[in-house]
Amino acid sequence: EFFTCPLTSGLAGYAALTGEPLNLTDAQADSRFDSSMDRKTGKRTRQVLCMPIVADGRVAGVCQCVNKVEGPAGCIFTNEDETMLAALCTVFAACVRNARIFTREGALRRQHQALLELSQVLSTKLQLKPLVKAVRSAACSVLEAERCTLFLLRPAGEGNGAPELVFHLS
């Protein structure tokens, strides 16, 4: 199950909007704290370390650690914790960047494949109807569109005498 929260509320929203980390020893006392997640999860938030994940100069997400387990400094997130989380967020940012590149490259591969298929059809088909169908199909594939209509210009003197756009339903 996943949850969503608006950027305009909560500690993670604050970190996402400002790009600033937060290290709070008493999250409930902070006016930016949104208790709705506590209600949804049935847990109580005490300490929070919230760090923006910055990829390509923009905030791509936020990593929020909650309720420090007792350590040498007690139950607070330390400066070392902040440094470690910042390093982890740098790795997370690289992962986000790579995932986006992978997605974009997949889309480009699909586009190239559709254009290759279209060029093969265009070099073998001489009748207008199959050509129109192939162009429409390629356009839908390349642009990830639900449908495409190809309007062809009918010159003056054909049809009703005035130039007009013509399309075929299929």
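Overview of the structure. (Residues numbered from 1 in each chain as written. Predicted model: local features only at pLDDT ≥ 70, side-chain atom pairs only at ≥ 80, totals over all residues. Heavy atoms only, no water.)

1. Some details on the pairing of strand 2 (residues 48-55)
Consideration 1: Judged by how many residues are buried, strand 2 sits mostly within the fold: seven of eight residues are covered.
Consideration 2: Across three bridges, strand 1 (residues 22-24) lies against strand 2 in antiparallel orientation. Residue pairing for strand 2: leucine 22 is matched across the bridge by cysteine 50.
Consideration 3: Hairpin connection between strand 2 and strand 3 (residues 58-66): a loop of two residues separates the two successive antiparallel strands, and aspartate 56 in this loop has a positive phi of roughly 55 degrees. (Buried < 20%, exposed > 50% of the residue type's maximum accessible area, 1.4 Å probe, protein only. Helix = DSSP H or I, 4+ residues; strand = E, 2+ residues; numbered from the N terminus. Pairing = 2+ DSSP bridges.)

2. Examining the pairing of strand 3
Consideration 1: Where strand 2 and strand 3 come together, eight bridges link them in antiparallel fashion. In the sheet register, alanine 55 faces strand 3, and the bridge partner there is arginine 58.

3. A word on the nonpolar core
Consideration 1: Leu49, Met51, Ile53, Ala55, Cys63, Phe77, Leu85, Cys89 and Ala93 form the largest nonpolar core, which has nine residues in total.
Consideration 2: Broken down by secondary-structure element, the contributors of at least two residues to this core are strand 2 and helix 3 (79-124).
Consideration 3: With sequence-adjacent residues up to four places away left out, cysteine 89 is seen in contact with Met51, Pro52, Ile53 and Cys63.
Consideration 4: Counting eight residues, the second largest nonpolar core, distinct from the first, contains Leu11, Leu22, Phe33 and Val48. (Core = buried A, V, L, I, M, F, W, Y, C linked by side-chain atoms within 4.5 Å. Contact = heavy atoms within 4.5 Å.)

4. Quick notes on unusual backbone geometry
Consideration 1: Unlike most non-glycine residues, aspartate 56 shows phi in positive territory, near 55 degrees.
Consideration 2: Structurally, the position occupied by aspartate 56 is in the loop between strand 2 and strand 3.
Consideration 3: The backbone of asparagine 67 sits at a positive phi, close to 60 degrees, despite the residue not being glycine.
Consideration 4: Mapped onto the elements of the fold, asparagine 67 is located in the loop between strand 3 and helix 3.

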